[in-house]
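Commentary on secondary and tertiary structure
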Amino acid sequence: MKFLSLPKLMVALALSLLAGVAMAAAPSQLVIDQGWTFRLAPGNAQLGKHADAAPWHTATVPGTVHTDLLAHKLIPDPYVGAPEAGLQWIGLADWEYRIVFDAPQAAVGSARSDLVFEGLDTFAEVWLNGARVLDVNNAFRTWRVPVQGKLRAKGNELRIVFRSPIAKLLPQVQGMPVKLAGNYPSPYGDEPVDAMTGNFVRKPGYHFGWDWGPRYVTAGIAKPVVLQSWDTVRIDNLQLRQDRVSAERADIAAIASIDAVRAGGLALRLWQTAPDGKRTLAAERRVELKAGSNRIELPLHIDQPQRWYPHGYGAQPLYRYEVQLGDGQSAIAGATARTGLRSVELRREVDAKGKSFYFAVNGIPVFAKGANTIPFDMFQPRVHKAQLRHVLQSAVDANMNMVRSWGGGYYESDDFFDLADELGLMVWQDFMFGGGMQPAYDDAFRANVVQEARDQVRRLRNHPSLVLWCGNNEEEIAWKYWGHGKTMKEADPLLAERVWKGYVQLFGSDLRQVVAEEGGGIGYWASSPGDDLAEVANTPASGDMHYWEVWGNPAHPVTKYLEITPRFMSEYGLQAWPVQRTVDAFAARAEQGMATPVIEAHQKFMAGKGNERLLKYVREEFGEPADFAGFIYLSQVMQAEGIELAALHHRASRPFTMGSLYWQLNDVWPGASWSSVDWFGRWKALQFHARRFYAPVAVAALRDAKGTTTVSLLNDRLQPVRGELRLHVLGLDGKTLRDERKPVELAPLSATRFHDYVDADLLGKADPAATVAVFDLQVEGEPASRGAVYFVPAKQVKWSSAEPRAGLRAELHRDGAGLVLEVTAARLARAVWIDFGELDAELSDNALTLLPGERVRLRVTSAAAEGALRAALHVRSLADAVQAQ
Ligand code: BMA
């Protein structure tokens, strides 16, 4: 158990500030995190088979029942092998958590004491010293319970009983003659496939299984439990509302919500710490508080503010504020908050084709480059900041400026948003509705969601990275176009009307209103994809779009991406397996194969059969993989090249298109998925490609299915850039067929169509199966950008039969700065992938294409010894994988 003196908000001031003030006057905080135990609740039906979970065992708080069971080896690792079916009983059981704690003197004697539960997952009864003090029905809310008069100095017992959400909701769901559409039915029999409970409970949707993650319906004390006590006042919230921010001046309001025990006057001071560390008194006044809730608004202005910019557009300076309430001589309560000053608008401009959808930050129209994030683990409490930092840093390193935090998981953590603020990553945050439908026609359900939304919007609103609140993921298109609405209308038209009315009420009005009231000026968007509840959703003409006809049905070839030009592509994706080392972490080599049980258990698309889809795409371009290792490699090449084609097309379609967020950045566990960074943080080929295709200055050379190559020049810089574009047509052996250079000038924030070529323009009489056209863009101060165009699928290319195929050589040596890997290619080496087998090593680049005679120098960082790395070094290219068939 630990005392906290200065967490971010709602907090007591450091005791050093309180010289001369009696202890009881200072709010105190006790984080109740040490000494918890848990057990399967007495009397539960699961006890028969799981008696070893009946005795009390120590528990980690915050935590989940799955991770507690794992810590005691009562269950196998839920991520290794295929244990999922055998673990579904956990979601059907009730669980009890208990702690006995001593209350600090300040808490027992205070005028006020609250127990604060920042997150309980989900249906929970809370008992304090034998009295039931709280019933919980929403994992996304913060619960505050007054407990003054109920605490004793020694031996307080706090008990929380979690009820199985499935068992609790099933009678209600089964009682409905016509059911609401759910998401992914359980293949394990723990819940009937025609009575899915997930959408009836405010709990992370992905716990019930998704197409990239397992089904673990967990429970537990997911966030901290804190005992807060105070005698005079408590600052509940400090909002930094940005009313107007320009280069000359920022007008903001610091708004303190204060809970006062009794009426009275106090001195209020607000300190500002500028990004350069300079601390100034920004406001000082006497405030008259009434007993209960008070709202004090302090208008502030800053001349020539240092503004916050998304990555690639400027720096991320942050201002800190600290509010103090005192009685004239000493401080009684305080709170701190941090923000970055920027203006952000979601611009919807009407034009001949429809309505735009783009973000302007500090007046700059920003082309959003990035990816969607999903939960970082099945068990959120074990996600740590270093893990988030690694993935978000990877995003920034790949030249991304935005992520969309998707609605089937959880509202992202304070750590996530702190990092996004510091890195300059804009965050589009969905409300937690991931698909299917929910009983929004039920007033109590909606009221619960509104409270949740208030909690979350208030928690996140000071973050400059937050640029949009979106009501839900794909619910509107599921209703309108996937048949959810139609099926229900046919079965029960009255219910269908109620469901849709409830939907419109919740996403059209209720959540919009919460964001307007609490969000500090951030935009709201009803559903992704959508057009903010206009009749037609998911149209290229207006609003944002998800495009799944590549990968999803009818599984068009990737060149189809070039025919879809939306305003803002917020989802599109292709799967790939993670690197061999990651696969080895959950499957022994003998268990690895295209359709083995363990591999299918970690491939959630098409209920385990997703490798068939993956293989279809691999075969189309590359032919049959030689073995599972070859399949992993080819899946990554396919994913990287396919997403690159789409992303560059989106960028080349600027300003009509103003965003490209591929599905998906990260993983929830180790397995096959659409991610570019796997659960261990290892980059797939796509992540290396993203760094190139999202580079601020780049060339796009995109060959469509009919053989026309469109070349565009892309510039996301605020300044014009000058450079040279080289067109080099050559044989795979290096023979130059054509070599031209042209000076080019790229306007700021633009995409310029340079030229369209039909194949004959580029090939002349050359053999399409033995020729490549390479477009190289050189601009001073920018990394060189290259687009390579092939004229036949890789499986038809006439790769050399010499050994090694591409004539690749790699040498590892050391220079003054560390380890260097020099790679050279005698012939064209496409999709070069370098790894060190079972050793982890970070490479400054990978997934490269080397032209005949080219040499690259890569940095290698690893904890392993140089000799071991050299022995483990493995370099392959497409020629090897394609010819090995
Ligand atoms: C989109 C997402 C997710 C899903 C992904 C891949 O529809 O919104 O629901 O995981 O596709 O199928």
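Every residue gets a number counted from 1 within its own chain, in the order that chain's sequence is written. Only residues with pLDDT of at least 70 get local features here, since the model is predicted, and only at 80 or more are side-chain atom pairs given and counted; chain-wide, interface and lining totals rely on the full set of residues. Each side-chain value is derived from all of the structure's non-hydrogen atoms; neither hydrogens nor water enter the calculation.

Once that is clear, we can look at unusual backbone geometry. Cis peptide bonds are those with omega within 30 degrees of zero, and the linkage from Asp121 to Thr122 qualifies with -15 degrees. A run of DSSP states H or I qualifies as a helix once it reaches four residues; a run of E qualifies as a strand once it reaches two. Both are numbered from the N-terminal end. Tracing the sequence through the fold places Thr122 in the loop between β7 (120-121) and β8 (124-128). A cis amide bond links Asn553 with the next residue in sequence, Pro554, at an omega value of 0 degrees. By secondary structure assignment, the location of Pro554 is in the loop between β29 (545-546) and β30 (569-571). The phi dihedral of Lys73 falls on the positive side, at around 55 degrees, and the residue is not glycine. Examined against the element boundaries, Lys73 turns out to sit in the loop between α1 (65-71) and α2 (89-92).

Here we take up the domain arrangement of the protein. All domain edges in this entry derive from an automatic or database-based domain assignment. Each assigned domain of the protein is listed with its residue range as follows: domain 1 (32-226), domain 2 (232-339), domain 3 (698-794) and domain 4 (799-885). One C-alpha centre belongs to domain 1, the other to domain 3; they are set 56 Å apart.

The next point concerns the environment of Asn715. Summarising the element assignment, Asn715 is placed in strand β33 (residues 708-715). Residue Asn715 is classed as buried on the basis of its relative accessible area, which comes to 0%. Separated by 42 residues in the primary sequence, Asn715 and Ser673 have C-alpha atoms spaced 31 Å apart. Asn715 has contacts with Pro696, Val697, Pro720, Val721, Leu746, Ala747, Pro748, Leu749 and Ser750, leaving out every residue within four places of it along the chain. Accessibility here uses a 1.4 Å probe with only protein chains present; expressed as a share of the type maximum, an area under 20% marks a residue as buried, one over 50% as exposed, and anything in between as partly exposed. Throughout, a residue-residue contact means that at least one pair of heavy atoms, one from each residue, lies within 4.5 Å.

The residue Ala447 is located in helix α7 (residues 443-460) in this model. We classify Ala447 as partly exposed; its relative accessible area is 47%. In this structure the C-alpha to C-alpha distance between Ala447 and Leu506, which are 59 residues apart in sequence, comes to 9.4 Å.

Attention now goes to the sheet that holds β33. Across the sheet, which stays open at both edges, the three strands sit in the order β32-β33-β36 with antiparallel pairing between neighbours. Since the sheet does not close on itself, it has two edges, and those belong to β32 (697-703) and β36 (750-758), each with one partner. The sheet shows a mean angle of 15 degrees between the axes of neighbouring strands, taken without regard to direction. The pairing criterion for strands is at least two bridges between them, as found by DSSP. Examined bridge by bridge, β32 and β33 share seven bridges and lie antiparallel to one another. A fitted line through C-alpha atoms serves as each axis, taken over the contacting stretch for helices, and the angle formed by two N-to-C directions is quoted from 0 to 180°.

When at least one non-hydrogen atom of a residue lies within 4 Å of a molecule or strand, that residue is treated as near it. Lining the immediate surroundings of the ligand are Trp210, Asp211, Trp212, Trp406, Asn473, Glu474, Trp548, Glu571, Trp663 and Trp674. Here a polar contact is recorded for every N or O atom pair within 3.5 Å, except that within protein the pair must consist of a potential hydrogen donor and a potential acceptor, and residues adjacent in sequence are included only if both atoms are side-chain atoms. Here an oxygen atom of the ligand and a side-chain polar atom of Trp212 are 2.8 Å apart. In the model, an oxygen atom of the ligand is placed 2.9 Å from a nitrogen or oxygen of the Glu571 side chain. In isolation the ligand offers 300 Å² of accessible surface; the protein chains occlude 91% of this area. For this scheme, ten residues count as nonpolar: Ala, Val, Leu, Ile, Met, Phe, Trp, Tyr, Cys and Pro. Four count as charged, namely Asp, Glu, Lys and Arg, and the remainder, Gly too, count as polar. Its residues placed into classes, the shell around the ligand shows six nonpolar, one polar and three charged. All accessible-area figures derive from a Shrake-Rupley calculation using a 1.4 Å probe, and residue coverage is judged against the displayed protein chains alone.

So, on to the pattern of salt bridges. Salt bridge criterion: a side-chain nitrogen from Lys or Arg within 4 Å of a carboxyl oxygen from Asp or Glu. Per the counting criterion, the structure on display carries 75 salt bridges. Residue Arg144 pairs with Asp114 through a salt bridge whose shortest N-O separation is 2.6 Å. Here Asp114 lies in strand β6 (residues 112-117) and Arg144 lies in strand β10 (residues 143-146), a separation of 30 residues in the sequence. Given a relative accessible area of 29%, Arg144 falls into the partly exposed group. What makes Asp114 buried here is its relative accessible area of 5%. A salt bridge links Lys616 to Glu620; the shortest N-O distance between them is 2.6 Å. With a gap of four residues between them, Lys616 and Glu620 both fall in helix α13 (residues 610-622), about one helical turn apart. When its relative accessible area of 27% is taken as the criterion, Lys616 is described as partly exposed.

A few words on the sheet that holds strand β42 (residues 841-843). Spatial ordering of the open sheet is given by β39-β40-β44-β42, a layout of four strands whose pairing is antiparallel. In this open sheet, the two strands that pair with only one neighbour each are β39 (808-815) and β42. Shown here is a sheet whose adjacent strand axes are inclined to one another by a mean of 30 degrees, direction ignored. The pairing of β42 with strand β44 (residues 855-862) spans three bridges and is classified as antiparallel. Bridge pairing in β44 places Glu842 opposite Thr861.

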